[in-house]
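Listed below are the residues making up each chain.
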Amino acid sequence: MAVAHATIEPPTLMVSSPAPPLCPSVNLTQDDLKKIAAYKAVEHVKSGMVVGLGTGSTAKHAVDRIAHLLQQGKLKDIVGIPTSTKTHEQAVSLGIPLSNLDSHPVVDLAIDGADEVDPELNLVKGRGQKFIVIVDESKLVNYVGGSRLAMPVEVIPFCWNHSLTRLVSLFAYAGCVGELRKYAENGEAFVTDNGNYIIDLYFEKDIGDLKEASDAILRLPGIVEHGMFIGLATSVIVAGVDGVTVKSKVGNELEMRQERQIGFNRQNQNEALQRGGENLGSGQLMMALQRKTQLQRSAGCPKRGAAAEAKIGQRPNGWAAALRPAAAALGLVFVTSTNVVANQRVQFTKGS
Ligand SMILES: O=C(CO)[C@H](O)[C@H](O)COP(=O)(O)O
């Protein structure tokens, strides 16, 4: 099976992009993190690919990004396979060419979100030659069910209550409770795209071997599918306030490789600042500027010695302008920008 080996760079702030992946605010929101993970995953999408388009607030950013790159002509000949009617609607509205698994049974790459990701990259919640899962760090759990979020099981509507009882008793040892998913608006049973119901299972404790649990669930009559995706993710991209981490599985073994963590964590910011900000990506520069300002404040010198500069290799022209709002938010003003072939350099200083 092909393995996604991501070369990790911070999402680049593209001047021409209407929605830069890193915003210059000091605090990244959960949605910012979702967007960062999504943009990172879309770097793996190449022209001509059949791409599985996932569902949810994280996957939505990936679909937006793919559409944007198609509009820019940076991606061509993409065929999207949506995983829900909602994603189908979004993709159609954005003009992404779509198909289905009957016409395109081989999906080159699928990108989807997840509700939980355990340390072995098992998920509560994909498909494709490569399956990249995108999450913010709040989704990391020690075991499936560890966040006390639901593990959904799709059941046929006939005898759903019987299915619920059987499911709960299957996991009684883990303090399982279950409930029929309902629409908040009218209290009626939620109906899936396939016309089925969902039983949400909540676990108090670790349910143990996930393959055994999966087999036991699927052996019950009336069960269509469950939300555990065991051993399917080839990469999980996790965006957190300290940076983006890509966890990849090598071959079919449960050998995990945690690729280098990009540096907008504090340690890297400090190192970068000591180096004068050399070779920072634009996202990192923002964070470094913020960190520098914080350091100066904590050192009690809010107005002095605040020059910050960075060299950035191979960035699109105009990036310095894109950084100005970030710098301005920090009270820094633009001084100069030089473009020396591959290296651009920008300098900001503290405004008076
Ligand atoms: O499995 C899913 C939809 O079926 C979603 O990917 C999962 O629920 C995560 O959603 P979000 O990205 O909104 O947190």
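All chains use their own residue numbering, which begins from 1 and follows the written sequence. Where totals are concerned, whole chains, interfaces and linings use all residues; where local detail is concerned, this predicted model gives features only for residues with pLDDT of at least 70, and gives and counts side-chain atom pairs only at 80 or more. Hydrogen atoms and water are omitted, and side-chain values are computed over all heavy atoms in the structure.

Undergrad: Sorry, what's going on with the pattern of salt bridges here?
TA: In a structure, side chains of opposite charge can pair up when their charged atoms sit close to one another. Salt bridges are defined by distance alone: a side-chain nitrogen of Lys or Arg within 4 Å of a carboxyl oxygen of Asp or Glu. Counting across every chain of the model gives four salt bridges. Two residues, glutamate 43 and lysine 40, come together in a salt bridge whose shortest N-O distance is 2.8 Å. Classification of residues uses two cut-offs on accessible area relative to the type maximum, computed with a 1.4 Å probe and protein chains only: under 20% is buried, over 50% is exposed, and between them is partly exposed. According to the relative accessible area criterion, glutamate 43 is partly exposed, its value standing at 37%. Lysine 60 is the partner of aspartate 64 in a salt bridge, and the nearest nitrogen-oxygen pair spans 3.6 Å. Within this pair, aspartate 64 and its partner lysine 60 are both found in helix α2 (residues 57–72), separated by four residues, close to a single helical turn. Aspartate 64 gets classed as partly exposed once you look at its relative accessible area, which sits at 27%. In DSSP terms, a helix is any run of H or I states spanning at least four residues, a strand is any run of E spanning at least two, and both are numbered starting from the N terminus.

Undergrad: Would you take a moment to explain the site of the ligand for this structure?
TA: By convention in these notes, a residue is near a molecule or strand provided one of its non-hydrogen atoms lies within 4 Å of it. As a structural note, the neighbourhood of the ligand is formed by Lys34, Thr55, Gly56, Ser57, Thr58, Asp112, Gly113, Ala114, Asp115, Lys125 and Lys139. Nitrogen and oxygen atoms within 3.5 Å of one another constitute a polar contact, given that in protein one can donate a hydrogen and the other can accept it, and given that sequence-neighbouring residues count only through two side-chain atoms. Separating an oxygen atom of the ligand from a backbone N or O atom of threonine 55 is a distance of 2.7 Å. The side chain of serine 57 places a nitrogen or oxygen atom 2.4 Å from an oxygen atom of the ligand. Each accessible area is a Shrake-Rupley estimate made with a 1.4 Å probe; only the visible protein chains count as cover when residues are assessed. Look at the ligand: alone it shows 380 Å² of surface, and the protein chains cover 76% of it.

Undergrad: Even after reading the chapter, I still don't get the side chain of threonine 192, so can you show me in this structure?
TA: With respect to the element layout, threonine 192 can be found in the loop between β8 (177–180) and β9 (197–202). If near-sequence neighbours (up to four positions away) are discounted, threonine 192 is found in contact with Glu154, Tyr197 and Ile198. Contacts are residue-level and defined by heavy atoms, with any inter-residue pair within 4.5 Å sufficient.

Undergrad: Can you walk me through the sheet that holds strand β4 (residues 116–117) in this structure?
TA: Strand pairing in a sheet takes place through backbone hydrogen bonds and is either antiparallel or parallel in direction. Note on pairing: two strands pair once DSSP finds at least 2 bridges between them. Pairing in this open sheet of three strands is antiparallel, and the strands run β4-β5-β11 from one edge to the other. Two strands bound the open sheet, and with one partner strand each, they are β4 and β11 (228–229). Alignment of strand β5 (residues 123–124) against β11, held across two bridges, turns out to be antiparallel. Looking at β11, one finds that valine 124 is bridged to methionine 228.

Undergrad: What is the right way to read a nonpolar patch on the surface from this model?
TA: Residues Ile156, Phe158 and Val224 make up a contiguous nonpolar surface patch of about 290 Å² in total accessible area. With respect to the element layout, valine 224 can be found in strand β10 (residues 223–226). Candidate patch residues must exceed 30% relative accessible area and have no salt bridge, after which like charges are joined if within 9 Å and Val, Leu, Ile, Met, Phe, Trp or Tyr side chains if within 5 Å.

Undergrad: Looking at this model, I keep getting lost on the packing of helix α1 (residues 30–42) against α2. Mind explaining?
TA: When two helices pack together, their arrangement is given by the angle between their axes and by how far apart the axes lie. Angles here are taken between N-to-C directions and fall from 0 to 180 degrees, while the axes themselves are lines fitted to C-alpha atoms, restricted in helices to the stretch in contact. Put simply, α1 and α2 touch, their axes get as near as 8 Å, and they point 50 degrees apart. Judged by the angle between their axes, α1 and α2 are oblique. With respect to the hand of their crossing, α1 and α2 are arranged in right-handed fashion. Here Asp31, Lys34, Lys35, Ala38, Tyr39 and Val42 of α1 lie close against α2, whose contacting residues are Ser57, Thr58, His61, Ala62, Arg65, Ile66 and Leu69. For classification purposes, an angle smaller than 35 degrees is called roughly parallel, one larger than 145 roughly antiparallel, one from 65 to 115 roughly perpendicular, and anything else oblique. If you view the pair so one helix is near and one far, a crossing is left-handed when the near helix is turned anticlockwise from the far one by less than a right angle, and right-handed when it is turned clockwise.

Undergrad: Explain the sheet that holds β10 here, please?
TA: If you walk across this open sheet you meet the four strands as β8-β9-β7-β10, and the pairing is antiparallel. The sheet is open, and its two edges are formed by β8 and β10, each paired on a single side. Taken over all neighbouring pairs, the strand axes of this sheet differ in orientation by 25 degrees on average, direction set aside. Of the pairings in the sheet, the one linking strand β7 (residues 151–155) to β10 comprises three bridges and is antiparallel in character. Paired with valine 155 across the bridge in β10 is isoleucine 223. Helix-sheet contacts for helix α5 (residues 210–219) involve β7 and β10, and the interaxial angle to β10 is about 155 degrees.

Undergrad: I would appreciate a short explanation of unusual backbone geometry in the present structure.
TA: The phi torsion at leucine 121 lies on the positive side, around 70 degrees, for a residue other than glycine. Note that leucine 121 resides in the loop between β4 and β5.

Undergrad: Can you help me understand helix α4 (residues 160–170) in this one?
TA: Each turn of an α-helix holds 3.6 residues, which means side chains three or four residues apart point in the same direction. Of all the residues in α4, the buried ones are Ser163, Leu164 and Leu167. Looking down the long axis of α4, one finds its buried residues gathered within 100 degrees of arc, a one-sided arrangement. The elements touched by buried residues of α4 are β7, β8, β9, α5 and β10. The arc in question is the one traced by the directions running from the helix axis out to the C-beta atoms.

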